[in-house]
Amino acid sequence: LYRAVVAGTPEADRVPFISPVGRVDFDRVDDVSNQLQLAQRGGNIELSIPLATLGLTELSIGTILQGDIGILRGTGAMTMQRLYWNNLDTGIASDVPSEAKLMPSHWGRWVLGRERVRDEGSITLTADKATFGKKGMILKTYPGGEVAIASWKDAADQIQWKDVAVKPGTYEVDLVVACGNRKQNAFLLEVGSQSLAGKAPFTGDWEAFAPLNVGRITITEGQSTFTLKAKSVADGLMNVQQIVLTPVR
């Protein structure tokens, strides 16, 4: 855990990274390996570390952070390749100060979401399966591969998934949406005679998708129609990628 600035750190305690061509100093460096969990299956790698370890305890759903994540490939003694999610300035792999230097301008945007275990009973209603208003609304594919209904700028428009097969039961309902304004426009999700109200969250960008929990519904019939309606629209409501129904156990 590298901390560039820790208030009150004496100059003598700073940790230097030095090479013939440069130097980078950090106020504090801690080994947190014992708090890291790592798992691998084939080419898939999963890692986790407590948010408290990173000093990120005061967070909530929808919090936006700058960050990056990557891996170093090497021989065990020498780094041969640096691969990052967002930073492409990774050509140097043999100079410690250059590799250690923090470059926030090269990081990406992280939106804190809600983890949900998708079991066999979960149902996902995707944007490409919906019908929607024609007053400017479009089905759009984004650079990250997300498909969503975008350009919702008219309060008369709505999005609808018709006659969805759902087993009777109670479900937690999450929308996956992106919103680039802070207007917090109101909307309704109607399922039969039930209605869930919500407000479009500011996710930082019209392409930054994040989950939004809108509550629970109880399904009693074998088929249901889901309808998203706008109660107000200013500078666009939200881009809608999908609805996720998770059974409440």
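Residues numbered from 1 in each chain as written. Predicted model: local features only at pLDDT ≥ 70, side-chain atom pairs only at ≥ 80, totals over all residues. Heavy atoms only, no water.

Asker: Go over the pattern of salt bridges with me, naming the residues and quoting the values.
Answerer: Per the counting criterion, the structure on display carries six salt bridges. For Arg-216, the salt bridge is made with Glu-172, and the minimal N-O distance between the two is 2.8 Å. A residue pair is termed long-range when its members are at least 10 positions apart, and Arg-216 in strand 19 (residues 210–219) and Glu-172 in strand 16 (residues 169–178) qualify at 44 residues. Classification of Glu-172 as buried rests on a relative accessible area of 13%. For Lys-183, the salt bridge is made with Asp-235, and the minimal N-O distance between the two is 3.7 Å. Taken together, the residues Lys-183 in the loop between strand 16 and strand 17 (186–191) and Asp-235 in the loop between strand 20 (223–230) and strand 21 (239–247) connect sequence positions 52 residues apart. Since its relative accessible area comes to 57%, Asp-235 is described here as exposed. (Salt bridge = Lys/Arg side-chain N within 4 Å of Asp/Glu carboxyl O. Helix = DSSP H or I, 4+ residues; strand = E, 2+ residues; numbered from the N terminus. Buried < 20%, exposed > 50% of the residue type's maximum accessible area, 1.4 Å probe, protein only.)

Asker: An account of the side chain of Arg-82 is requested, with residue identities and associated values reported.
Answerer: Inspection of the secondary structure assignment puts Arg-82 in strand 9 (residues 79–84). Buried Arg-82, no salt bridge; nearest opposite-charge side chain is Glu-99, N-O distance 4.4 Å. Among the polar contacts made by the side chain of Arg-82, one reaches the main-chain carbonyl oxygen of Ile-92 at a distance of 2.6 Å. Setting aside chain neighbours within four positions, we find Arg-82 in contact with Ile-71, Leu-72, Asp-89, Thr-90, Ile-92, Ala-93, Ser-98 and Glu-99. (Lys, Arg positive; Asp, Glu negative; His and termini not counted. Polar contact = N/O pair within 3.5 Å; in protein donor to acceptor, adjacent residues only side chain to side chain. Contact = heavy atoms within 4.5 Å.)

Asker: Can you tell me about the sheet that holds strand 12 (residues 131–132), naming the residues and giving the values?
Answerer: Within the open sheet, the five strands sit side by side as 12-15-20-17-18. Their pairing is antiparallel. The sheet is open, and its two edges are formed by strand 12 and strand 18 (194–199), each paired on a single side. The sheet contact formed by strand 17 and strand 20 spans five bridges and is antiparallel. The residue bridging Leu-188 from the neighbouring strand is Lys-229, located in strand 20. (Pairing = 2+ DSSP bridges.)

Asker: An account of the pairing of strand 2 (residues 15–19) is requested, with residue identities and associated values reported.
Answerer: On a regular strand, each side chain points to the face opposite its neighbour's, so the side chains alternate between the two faces of the sheet. Pairing of strand 2 with strand 3 (residues 22–26) involves five bridges; the strand directions are antiparallel. By the bridge assignment, Pro-16 is partnered in strand 3 with Asp-25. Between the end of strand 2 and the start of strand 3, which pair antiparallel, lie two residues.

Asker: How would you sum up the pairing of strand 11 (residues 123–126)? Please name residues and give values.
Answerer: Covered by surrounding structure in strand 11 are Ile-123 and Leu-125 only, the residues Thr-124 and Thr-126 on the alternate face being uncovered. Here strand 11 pairs with strand 21 via four bridges, running antiparallel. Paired with Leu-125 across the bridge in strand 21 is Ile-243.

Asker: Can you break down the nonpolar core residue by residue, with the values?
Answerer: Ile-159, Trp-161, Leu-189 and Phe-226 are the most contacted members of the largest nonpolar core, which totals 34 residues. Breaking this core down by element, the ones donating at least two residues are strand 11, strand 15 (158–165), strand 16, strand 17, strand 19, strand 20 and strand 21. If sequence neighbours within four positions are ignored, Ile-159 has contacts with Ala-130, Thr-131, Phe-132, Met-137, Ile-149, Trp-152, Phe-226, Thr-227, Leu-228 and Val-240. Counting six residues, the second largest nonpolar core, distinct from the first, contains Tyr-142, Ala-150, Ala-178 and Phe-209. (Core = buried A, V, L, I, M, F, W, Y, C linked by side-chain atoms within 4.5 Å.)

Asker: Report on a nonpolar patch on the surface, specifying residues and quantitative values.
Answerer: A surface patch of nonpolar side chains, about 720 Å² in accessible area, is lined by Leu-36, Leu-38, Ile-45, Leu-47, Ile-69, Trp-85 and Trp-110. Considering the arrangement of structural elements, one finds Ile-69 in the loop between strand 7 (64–67) and strand 8 (70–74). Overall, the relative accessible area of 44% leaves Ile-69 in the partly exposed class. (Patch = residues over 30% accessible without salt bridge, like charges linked within 9 Å, V, L, I, M, F, W, Y side chains within 5 Å. Areas by Shrake-Rupley, 256 points an atom, 1.4 Å probe, with all protein chains shown as cover.)

Asker: Describe unusual backbone geometry, listing the residues and the values that go with them.
Answerer: Of note in this structure, Ser-151 is not a glycine but carries a positive phi near 60°. Along the chain, the position of Ser-151 falls in the loop between strand 14 (147–150) and strand 15. On the basis of relative accessible area, Ser-151 is assigned to the partly exposed category, the value being 28%. One non-glycine residue, Asp-235, adopts positive backbone phi at about 60°.

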